[in-house]
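# Residue-level structural notes
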Amino acid sequence: MNHPAELKYAATHEWVRIEGDLVVTGISDHAQDALGDLVYVEIPEVGRPVTAGEAVGVVESVKTASDIHAPISGTVVEINPALEDDPDFVNDDPYGKGWIYKIKADHLSDVEKLLSNSDYEAGL
């Protein structure tokens, strides 16, 4: 599995990357692999406040559906519109074209409370 060291991870299999004052998030390579071929991604609406740990969306595959959780608290400020037509971006490029949404964090420092790639992998 590919879990880049520069990212942080939630135990619920979401990853985060800080871009300026925003937090980009998606699901990990491990999660997309376990789900199989994705057929649909339900993304939270722009403007929605989210709380760390809260289920904010769903990824559906040919095998199952799984919740997407907010890794930190804040407000959704941008979504990846490409996933509406091409949910397989999450399978093909989970850390690039497969990002799901961006959060304006209530406290950007909360990202540091998430898992490192080695801690995340140790929990798999």
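Worth saying up front: this structure is predicted, and the values here are computed from it rather than measured. (Residues numbered from 1 in each chain as written. Predicted model: local features only at pLDDT ≥ 70, side-chain atom pairs only at ≥ 80, totals over all residues. Heavy atoms only, no water.)

### Comments concerning the sheet that holds strand β9 (residues 101-105)
- Read from one edge of the open sheet, six strands run β1-β2-β3-β9-β8-β5, paired in antiparallel fashion. Bordering the open sheet on either side are β1 (8-9) and β5 (49-50), each of which pairs with just one other strand.
- Pairing analysis gives two bridges linking β5 to strand β8 (residues 74-79), with the strands arranged antiparallel. Paired with Val-50 across the two strands is Gly-74, which belongs to β8. (Pairing = 2+ DSSP bridges. Helix = DSSP H or I, 4+ residues; strand = E, 2+ residues; numbered from the N terminus.)

### Focus on the UniProt feature "modified residue: N6-lipoyllysine" (unreviewed entry) in the protein
- Per the UniProt annotation, the sites labelled "modified residue: N6-lipoyllysine" (unreviewed entry) are Lys-63.
- When near neighbours in sequence (up to four residues on either side) are disregarded, Lys-63 contacts Ala-34, Leu-35 and Gly-36.
- Of the polar contacts made by the side chain of Lys-63, one reaches the backbone oxygen of Ala-34; its length is 3.1 Å. (UniProt positions renumbered as here; feature names shortened; annotations may be inferred. Contact = heavy atoms within 4.5 Å. Polar contact = N/O pair within 3.5 Å; in protein donor to acceptor, adjacent residues only side chain to side chain.)

### Remarks on a negative patch on the surface
- Side chains of Asp-37, Glu-84, Asp-85, Asp-86, Asp-88 and Asp-92 sit close together on the surface and give a patch of like negative charge.
- Owing to a relative accessible area of 32%, Asp-86 belongs among the partly exposed residues under this scheme. (Patch = residues over 30% accessible without salt bridge, like charges linked within 9 Å, V, L, I, M, F, W, Y side chains within 5 Å. Areas by Shrake-Rupley, 256 points an atom, 1.4 Å probe, with all protein chains shown as cover. Salt bridge = Lys/Arg side-chain N within 4 Å of Asp/Glu carboxyl O. Lys, Arg positive; Asp, Glu negative; His and termini not counted. Charge placed at Lys NZ, Arg CZ, Asp CG, Glu CD. Buried < 20%, exposed > 50% of the residue type's maximum accessible area, 1.4 Å probe, protein only.)

### Side note on the pairing of strand β3 (residues 22-27)
- Counting buried residues along β3, five of its six residues qualify, which places the element largely inside the surrounding structure.
- Relative to β3, strand β2 (residues 14-19) runs antiparallel, the two sharing six bridges. Within β3, the residue paired with Glu-14 across the bridge is Ile-27.
- Here β2 folds back onto β3 in antiparallel fashion, the turn holding two residues, of which Gly-20 has a positive phi close to 65 degrees.

### Focus: the UniProt feature "domain: Lipoyl-binding" (unreviewed entry) in the protein
- Sites flagged by UniProt as "domain: Lipoyl-binding" (unreviewed entry) map to residues 22-104.
- Between the end C-alpha atoms of residues 22-104 the distance is 5 Å, and the span holds 18% helix and 42% strand.

### Thoughts on the pairing of β2
- Sheet analysis places β1 next to β2, joined by two bridges and oriented antiparallel. Note that in β2 the partner of Tyr-9 across the bridge is Trp-15.
- Hairpin remark: β1 followed by β2, antiparallel, with four residues in the connecting loop; positive phi at His-13, about 80 degrees.

### A short note on the side chain of Ser-61
- Tracing the backbone shows Ser-61 in strand β6 (residues 55-61).
- Judged by relative accessible area, Ser-61 falls into the buried class, the value being 9%.
- Residues in contact with Ser-61, not counting those within four places in the same chain, are Leu-35, Gly-36, Asp-37, Leu-38 and Val-39.

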